Amino acid sequence: RPESIVLAGELGIGSLNFAAGPDAQLADNVRNYRAAIATSSVPESRRTNQFCCTPAALVLESDREACEIGFRGARYHQEGLATYFFSPHRIVGSPEISSAPLGAAELDKAMAGRQAGGSLNSVIGDPAMARASVERFQACGVDELILVMQRGTVPHEAVLRSLRVFAEKVMP
């Protein structure tokens with residue numbers, strides 16, 4: 001929530017955010033955080049002044065494969081969080097969350113949404129798309145990304161491949 005981002009700045013602490021929404025909204029959140037931390041009563045030497053986001057991530061050589069696996073895991077994780085945190089009732093047992101692959105139209109929509117102007121909530125795709133997503137986060141003023149790859153249905157083998165591809169082809 002925007003008010004908690006400002007409060008973090010006022011308290012002189014870093015801000016850890018779920019990545020969601022358009023670039024302009026994220027950039028506004030970063031600006032509001034920076035303005036609040038600049039006027040914090042906490043001595044400057046004790047301020048954290050770091051704005052961090054936690055996007056869903058999966059980077060593989062094949063853009064389509066990364067999206068098929070990564071967006072399915074991201075959907076599962078988001079539905080799980082929503083089930084537990086927004087349900088008016090206590091959840092007992094396994095929640096009813098889809099682990100099925102995304103349909104073709106849903107996958108195409110998720111892939112198209114990664115472009116500038118779409119929601120900035122993931123680093124999912126091939127190395128070129130991952131670099132473009134990271135650059136969008138940087139342009140918004142984000143200091144740090146905690147890339148969350150082990151979401152729901154993402155196989156461990158895919159996470160290991162993603163770590164390797166990201167390290168070799170996106171980080172440099």
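Just above sits the structure.
Residues numbered from 1 in each chain as written. Predicted model: local features only at pLDDT ≥ 70, side-chain atom pairs only at ≥ 80, totals over all residues. Heavy atoms only, no water.

Here the focus is the overall build of the protein. Scanning the protein for helices and strands turns up six helices and five strands. Traced from its N-terminal end to its C-terminal end, the protein shows the element sequence α-β-α-β-β-α-α-β-α-β-α. Over its C-alpha trace the protein gives a radius of gyration of 17 Å, about what one expects of a compact globule, namely 16 Å for 172 residues. In terms of overall dimensions, the protein has C-alpha extents of about 50 × 45 × 30 Å along its principal axes. (Helix = DSSP H or I, 4+ residues; strand = E, 2+ residues; numbered from the N terminus. Rg over C-alpha atoms; globule rule 2.2 N^0.38 Å.)

What follows deals with helix α2 (residues 23–38). A rise of 1.5 Å per residue sets the reference length of α2, with its 16 residues, at 22 Å; its end C-alpha atoms lie 22 Å apart and thus fit the reference within 8%. Residues of α2 that are buried include every one of D23, L26, A27, N29, V30, Y33, A36 and I37, and no others. Tucked inside the fold, the buried residues of α2 contact α1 (2–11), β1 (15–17), β2 (51–53) and α5 (127–140). (Expected span 1.5 Å × (residues − 1). Buried < 20%, exposed > 50% of the residue type's maximum accessible area, 1.4 Å probe, protein only. Contact = heavy atoms within 4.5 Å.)

Once that is clear, we can look at the side chain of S40. When you line up the elements, S40 lands in the loop between α2 and β2. In terms of polar contacts, S40 uses its side chain to reach the backbone amide nitrogen of V42, at 3.1 Å. Ignoring sequence-local partners within four residues, the contact set of S40 consists of G9, E10, L11, G12 and R47. (Polar contact = N/O pair within 3.5 Å; in protein donor to acceptor, adjacent residues only side chain to side chain.)

Limitation: the analysis is restricted to geometry and does not speak to function.
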